[in-house]
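Residue-level structure breakdown
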Amino acid sequence: MEEAGGVKLFGFWVSPFAQRVKWALKLKGIQYEYIEEDKYNKSPLLLKLNPVYGKVPVLVHNGKPISESIIILEYIDAVWKQAPLLPQDPYERAQAHFWAKFAEEKVRQSVVEAMCSSGDEKQKAVKLAVEAFEEFEKELKRRGTKFFGGETIGFVDIVAGCISYQLPVHEEVGSIKILDSSKFPGISEWIRNFLNHPLINEGLPQKDQMFAYYSKRSKEIAYQKMSHKTV
Amino acid sequence: MPTNDVKLLGAPASQYVNRVQFALNLKSIDYEFIPQNMREKSELLLKSNPVHKNIPVLLHGDKPICDSLVIVQYIDEFWFDGPSILPSDPYDRAIARFWAAYIDDKWIPFFKELTTAKDEESKTALVEKILEGLKFFEDVFVKASKGKCFFGGETIGFLDIVLGCYLGWLKAWGIQLDVNFLDEAKTPALVGWAESFSSDKAIHGIIPETEELFRILQIILARAADAASK
């Protein structure tokens, strides 16, 4: 086990981005100090560590801050070589980077978009989300392995993994249905396997607390979108 | 005739395609450039990038690699015996990747928003955001270059490629809006960098002439205005 001396993680209890980093640190057996930030009352320290976005997660290693969850994952994998998250082969690595970006931009973001929007926009967003899931299902089937990373959890699994425990909440808050298990048997199986891992399932936020948070957050996002439109 | 079976599907005026060309040149890799018509996508493009149907796509043998940042990193990792593009230190790599993501996710999209900006107020606000970004890049450059010519130090690196690809478009937009984006008084280090970058032999001749980009920009703006009126 690594010494706690050098590693700090600034997070927020419900942040799927901070969760990605927690998973990576746990899978590699890296000890770290966790600092909980309040999204609605950010500490001056966080704003100093991440002056561009002022967001979590921020990983601080040997006093140096790194922001953006996917970039933090790449950093962790480069520094701590045990339980590698990315493959060694350059082509396989390129595929992992590609699908991680897809998981974040097309899969996770489209679900949130569908949750927060209404009317025609909601219908469009749900359609996009389902299309993204179809691509994801196809890729999983093509690989034919338990996880994107192979037989063990890897980079793409961690980036996509937030949908495993947050999707049901987003669906309920947004009154949408995206993950039909008969239509997406591969993704459904992948989610089961992913959540079955003790380090993945450990310490996830409570479902009712997530529901309350996203109900409020969904209205906030919808309001922000509307006010931008009037400017 | 290219000896290592590398093909690039792209269009000469695409800054994302230009990034890949820079990287291939830096590593002295021969390749075949296959121009694509994005308004009538080829079978080859649709087969090589079925998910996004977009350029650039690098075809290495029969393997397609998509997304300009992914391709540049692939080139750096596969042809590891050529000059390094990404920094070797993991922390410096993280910083380079952070700013690359900012450029692609925040900064370049400001220009895209400009194409559909309806009034002077929103255009001014976007120009302010672009200039703010350039001030960030000035600071990043001063820290990363350590007194040398490039973000990568003595040689062209990842961030040089990611930002440098947009220099032509930045000039074209500057003419369009009558704004001097790279101002010697405000971002002197970046002005110097732009000169060093553009004249480097791996870079020179890839980005189309500003007149050509300005001409294309007029077409883009006309199309956007047309779409908005429908």
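Below you will find a few notes about this structure. (Residues numbered from 1 in each chain as written. Chains lettered and ligands numbered in written order. Predicted model: local features only at pLDDT ≥ 70, side-chain atom pairs only at ≥ 80, totals over all residues. Heavy atoms only, no water.)

Some details on the overall build of chain A
A count of helical and extended segments in chain A gives ten helices and four strands. For chain A, the succession of helices and strands along the chain, N to C, is β-α-β-α-β-β-α-α-α-α-α-α-α-α. For a compact globule of 231 residues, the expected C-alpha radius of gyration is about 17 Å, and chain A comes in at 18 Å, within 12% of that figure. With respect to the three principal axes, the spread of C-alpha positions in chain A is 50 × 45 × 30 Å. Counting only residues that meet the buried cut, chain A has 54% of its 231 residues in that class. Pairs at least 24 apart in sequence give 71% of the contacts found in chain A among residues at least 6 apart. Accessible surface, chain A: about 11100 Å² in total, of which carbon and sulfur atoms supply 53%. (Helix = DSSP H or I, 4+ residues; strand = E, 2+ residues; numbered from the N terminus. Rg over C-alpha atoms; globule rule 2.2 N^0.38 Å. Buried < 20%, exposed > 50% of the residue type's maximum accessible area, 1.4 Å probe, protein only. Contact = heavy atoms within 4.5 Å. Areas by Shrake-Rupley, 256 points an atom, 1.4 Å probe, with all protein chains shown as cover.)

Describing the interface of chain B and chain A
Opposite the 22 residues of chain B that make contact, chain A presents 25 residues. Counting each side, the surface lost to burial between chain B and chain A is near 2200 Å², with a carbon and sulfur contribution of 71%. Of all residues in chain B, V51, Y91 and F98 of chain B give up the largest surface area on contact with chain A, accounting jointly for 27% of the area buried on that side. Between chain B and chain A we count three salt bridges in total. Taking the shortest distance from any N to any O, the salt bridge between E74 of chain A and R97 of chain B comes out at 3.3 Å. Inspection of the region where chain B meets chain A yields five residue pairs in polar contact (both at pLDDT 80 or more). Broken down by element, the residue count for the side of chain B that touches chain A peaks at eleven residues, all from helix α4 (residues 90-116) of chain B. (Buried area = accessible area lost by both parts, 1.4 Å probe. Salt bridge = Lys/Arg side-chain N within 4 Å of Asp/Glu carboxyl O. Polar contact = N/O pair within 3.5 Å; in protein donor to acceptor, adjacent residues only side chain to side chain.)

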